[in-house]
Amino acid sequence: MPMRNSLQFGSVKIECLQGDITNQPDMDAIVNAANAQLMPGGGVAGAIHSKAGPGLARECKPLAPIRQGEAVITGAHDLPNKHVIHCLGPVYGIDRPEDKLLANCYRNALSLAEANALQSIAFPAISTGTFGYPLGPAAKVSFASIRDFNAFRNLQHVRFVLWSEQDWELFSRVMEEILS
Ligand code: AR6
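Residues numbered from 1 in each chain as written. Predicted model: local features only at pLDDT ≥ 70, side-chain atom pairs only at ≥ 80, totals over all residues. Heavy atoms only, no water.

Q: Before we move on, could you go through helix α5 (residues 165–179) and cite the residues and values that matter?
A: Spanning 15 residues, α5 covers 21 Å between terminal C-alpha atoms, matching the ideal 21 Å at 1.5 Å per step. Buried within α5 we find Trp168, Phe171, Ser172, Val174, Met175 and Leu179. On its buried face, α5 is in contact with β1 (4–9), β2 (12–18), α4 (135–148) and β7 (157–162). (Helix = DSSP H or I, 4+ residues; strand = E, 2+ residues; numbered from the N terminus. Expected span 1.5 Å × (residues − 1). Buried < 20%, exposed > 50% of the residue type's maximum accessible area, 1.4 Å probe, protein only. Contact = heavy atoms within 4.5 Å.)

Below you can see the structure in the form of structure tokens.
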């Protein structure tokens, strides 16, 4: 059984789920932990591009490069969603200030979702893989970004998809601390 935990934050359901970001068919958009060139790589980006098919890279090409904290939106191609929102997170210890850059990813992705009248969005733990951001501090930035986003209108469901049970546990705990 996948681990799942949620709470209500105003009009929005916030959820932590253990699983695979490419297998979230009930979400309007999934977020990609992208590279600046918006090309397939490892981790989340590799999984997203491989399930979306080559049309995603073709659509991404003219939108690249993006900067740390920036977000861009595309179609989802062969993924079971309407859109992919691509964010470039900071490389921990190199791109500074890393907490502001990571918060910008979440804020800009939520803003794009709202601008496109989306009702649901699923995030991976941006920057916590290849880019080396420690999970606890990353979880705090993620949920503080939700708390501080003051433009929820259409969004009713924000999901965080964590790869391991350990990561899920930590995100769940920080979600309760910051949002309940
Ligand atoms: N579903 C959900 N979470 C996942 C999945 C998945 N399928 N796969 C990995 N994770 P990363 P970053 C977790 O490295 O740190 C790429 O090569 C993983 O355990 O995907 O932002 C790009 O091309 C970790 O907690 O993203 C970039 O160059 C989190 O997702 C660079 O890595 C993020 O790991 C981006 O690095």
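Here the narrative resumes.
Q: Describe the sheet that holds strand β5 (residues 83–87), listing the residues and the values that go with them.
A: With mixed pairing, the 7 strands of this open sheet are ordered in space as β1-β2-β7-β6-β3-β5-β4. Two strands lie at the open edges of the sheet, namely β1 and β4 (71–75), each paired on one side alone. Across the sheet, the axes of successive neighbouring strands diverge by a mean angle of 20°, strand direction being ignored. Relative to β7, β2 runs parallel, the two sharing 6 bridges. Looking at β7, one finds that leucine 17 is bridged to valine 161. In the packing of helix α1 (residues 43–52) onto the sheet, the strands contacted are β3 (29–33) and β5, and the crossing angle to β3 comes to about 130°. (Pairing = 2+ DSSP bridges. Axes fitted to C-alpha atoms, helices over the stretch in contact; angles between N-to-C directions.)

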